[in-house]
Amino acid sequence: MLAKIVRESGLLRRRYGYYWTRLVLTVAAFGAVWAGIVLVGDTWWQLLLAVVLALVLAQLAFLGHDSSHRQVFRSRAWNDWTARIIANALVGLSHAWWTGKHDAHHAAPNQEGHDPDISPGVIAFTPAVMASRHGWRGWLARRQGWYFFPLLALEGLHLHVASVRRVLGRRPVPHRGVEVPVLLVRLALYLVVLGLLLPPTLAAAFLAVQLAVFGILLGGAFAPNHKGMPIVPATADVDFLRRQVLMSRNIRGGPVVDFFMGGLNRQVEHHLFPSMPRPNLKRVQPLVREYCSQLGVTYTEVGFFTSYRIVVQYLNDVPGRAREPFSCPLAASLGR
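Bear in mind the structure is a predicted one, so any value in this text is a computation, not a measurement. Residue positions are given per chain, counting from 1 as you read along its sequence in written order. Under the rules for a predicted model, residues below a pLDDT of 70 receive no local features and side-chain atom pairs below 80 are neither given nor counted, while totals for whole chains, interfaces and linings still include all residues. With hydrogens and water excluded, all non-hydrogen atoms of the structure serve as input to the side-chain values.

Engineer: Give me the lowdown on the pattern of salt bridges, citing residues and values where you can.
Structural biologist: When the charged atoms of two side chains lie near each other, side chains of opposite charge can form a pair. Here, a salt bridge means any Lys or Arg side-chain nitrogen found within 4 Å of an Asp or Glu carboxyl oxygen. Per the stated rule, a full pass over the model turns up nine salt bridges. Residue Arg70 is joined to Asp80 by a salt bridge in which the shortest nitrogen-to-oxygen separation is 3.3 Å. One end of the pair, Arg70, is in the loop between helix H3 (46–68) and helix H4 (76–91); the other, Asp80, is in helix H4, with 10 residues separating them in the sequence. With a 1.4 Å probe rolled over the protein chains alone, any residue whose accessible area is under 20% of its type maximum counts as buried; one over 50% counts as exposed, and the rest are partly exposed. Taking the relative accessible area as the measure of exposure, Asp80 reaches 16% and is therefore buried. Between Asp80 and Arg76 there is a salt bridge, and its shortest N-O distance comes to 3.8 Å. With Asp80 and Arg76 both in helix H4 and four residues apart, this pair spans about one turn of that helix. Assessed through its relative accessible area of 55%, Arg76 is described here as exposed. Here the residues in one salt-bridge network are Arg70, Arg76 and Asp80, joined through shared partners. Counting from the N terminus, the helices are DSSP H or I runs at least four residues long and the strands are E runs at least two residues long.

Engineer: Let's hear about the side chain of Gln71: which residues, and what values?
Structural biologist: Mapped onto the elements of the fold, Gln71 is located in the loop between H3 and H4. Here Gln71 falls in the buried class, since its relative accessible area comes to 1%. Residues adjacent in sequence count toward polar contacts only when both atoms are side-chain atoms; beyond that, a polar contact is any pair of N or O atoms within 3.5 Å, and within protein one must be able to donate a hydrogen and the other to accept it. In this structure the side chain of Gln71 is engaged in a polar contact, spanning 2.9 Å, whose partner is the side chain of Tyr19. Residues count as neighbours in contact if any of their non-hydrogen atoms are within 4.5 Å of one another. Those residues within four positions of Gln71 in sequence are excluded, and the remaining contacts are Arg14, Tyr19, His65, Asp66, Asn79, His270, Pro274, Ser275, Met276, Pro277 and Arg278.

Engineer: Can you explain the layout of surface pockets? Please cite residues and give values.
Structural biologist: Buriedness for pockets is judged along seven lines, at least five of which must meet protein on both sides within 12 Å for an open set on the 1 Å grid over protein atoms alone, while cavities are sets there where a 1.4 Å probe fits but cannot get out, and lining residues have an atom within 4 Å of a point. Grid points are joined across faces, edges and corners, and a volume is the space filled by probe spheres set on the points. For the largest pocket, the calculated volume is near 1000 Å³. Going through the elements one at a time, H3, H4, helix H5 (95–107), helix H8 (144–152), helix H9 (155–168) and helix H11 (200–222) are the ones with two or more residues in the lining of the largest pocket. Amino acids outside the nonpolar list (Ala, Val, Leu, Ile, Met, Phe, Trp, Tyr, Cys, Pro) and the charged list (Asp, Glu, Lys, Arg) are all regarded as polar, and Gly is one of them. Of the residues that constitute the lining of the largest pocket, the class distribution is 21 nonpolar, 14 polar and four charged.

Engineer: I'd like a description of the environment of Val33, backed by residues and values.
Structural biologist: With respect to the element layout, Val33 can be found in helix H2 (residues 16–40). Taking relative accessible area as the criterion, Val33 reaches 6% and is therefore assigned buried. Separated by 16 residues in the primary sequence, Val33 and Leu49 have C-alpha atoms spaced 6.7 Å apart. Not counting residues within four places of it along the chain, the set of residues in contact with Val33 comprises Leu49, Val52, Leu53 and Val56.

Engineer: Provide a residue-level description of the UniProt feature "domain: Fatty acid desaturase" (unreviewed entry) in the chain, including the pertinent values.
Structural biologist: UniProt positions are given in the numbering used here, feature names are shortened, and annotations may be inferred rather than shown by experiment. With numbering matched to this structure, UniProt assigns "domain: Fatty acid desaturase" (unreviewed entry) to residues 43–301. Counted over residues 43–301, helix gives 64% and strand 1%. Its end C-alpha atoms are 44 Å apart.

Engineer: Outline empty space enclosed by the protein, listing residues and values.
Structural biologist: Counted under the stated rule, the structure contains one cavity of 30 Å³ or more. Quantified by volume, the largest cavity comes out at close to 30 Å³. In the lining of the largest cavity, the residues fall into two nonpolar, five polar and two charged.

Engineer: Give a description of the packing of H3 against H11 that names residues and reports values.
Structural biologist: In this analysis an axis means a line fitted to C-alpha atoms, helices contributing only their contacting stretch, and an angle means the value between N-to-C directions, from 0 to 180 degrees. Following both chains from N to C, one finds H3 and H11 inclined at 35 degrees, their axes separated by 8 Å at the closest point. When the axes of H3 and H11 are compared, the crossing they make is right-handed. Of H11, the residues touching H3 (which contributes Gln46, Leu47, Leu49, Ala50, Val51, Leu53, Ala54, Leu55, Leu57, Ala58, Ala61 and Phe62) are Leu202, Ala205, Phe206, Val209, Gln210, Val213, Phe214, Leu217, Leu218, Ala221 and Phe222. The residue makeup of the contact of H3 with H11, split by class, is 21 nonpolar, two polar and no charged. The hand of a helix crossing depends on one turn: near helix anticlockwise from the far one by less than a right angle means left-handed, and clockwise means right-handed.

Engineer: Outline the environment of Gly215, listing residues and values.
Structural biologist: Here Gly215 shows up in helix H11. When the C-alpha atoms of Gly215 and Glu155 are compared, they prove to be 4.5 Å apart, with 60 residues separating the residues in sequence. If we ignore the near neighbours within four places in the chain, the residues touching Gly215 are Leu152, Glu155, Gly156 and Gly220.

Engineer: Now, about helix H10 (residues 176–197): what can you tell me, with residues and values included?
Structural biologist: To estimate how far a helix should reach, multiply one less than its number of residues by 1.5 Å. A rise of 1.5 Å per residue sets the reference length of H10, with its 22 residues, at 32 Å; its end C-alpha atoms lie 31 Å apart and thus fit the reference within 8%. Along H10, the residues classified as buried are Glu179, Val180, Leu183, Arg186, Leu187, Tyr190 and Leu194. Angularly, the buried residues of H10 cover 150 degrees about the axis, an arc narrow enough to put them on a single face. In H10, the exposed positions that point more than 90 degrees away from the buried face belong to Gly177, Val185 and Leu196. Check the buried side of H10 and you find it contacts H2, H3, H4, H5, H9 and H11. When we speak of the arc, we mean the arc of directions from the helix axis to the C-beta atoms.

This is the structure we're talking about:
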């Protein structure tokens, strides 16, 4: 019913003017930053440009995300190749690696054994993973909320390493003949150019700042959307609407929040209509909220800083907060 209403509203139609404007301006900003790096020369003001470059790369990554979801063009091929070029040639991330991981997340958000975003790693996102941490690892896990955000500073490096490992691994990679050379040349060329333009110490500092800010911007945009929301057991069977709505959290805010989060602050709408152009998510929000209200499905939306507080509190007490039935909209809606 909701899908029919949205289709008839025209909100799924492409927004070519919006996306072409953003693509042109963001790529131009990318070029302008590099021109600035050349002009500024051997000075520690380069670190400010490193921050700006990280911001531009994050915006490019958001555009690649939108194109991967086929929000930009009607043509599947145009969307895929636009995303592939942005990811590999400009941002330095593997499109194949990111798409496979992100598609699995959309198919089963916060479901154990299905969503790679909550799989075991440095951070323990589920009670089952927490239970496996003993000794000093358990001690750290019980306080992991406090170092979650500092770890985001390493996320930029992790994304590049994971991308390289994916394209050079044994598993099939769509268009491997394009991804491997383009990605590796892009990463190598970045290091070479920095080494040629800047003294070694300044080049290393520039790289560290750029990667840290890039990781914080991307991780900070994705983390508050699902962390602290209900964890779905691996064998649970949940209908599509509840699977996407109950495990997602919207973040309130104006144009500044929209910009820095790449539109992902309207996560509920994005999960329900992943191919909807980013600027239309705000317009469909009242329809989704009203529909959820009619069905008695909890629709979660909190403030920007509140969302991060929830993430920290959840990570510091994963077993306790995951067991609280009254704070779990999934349990309440399904009567479990």
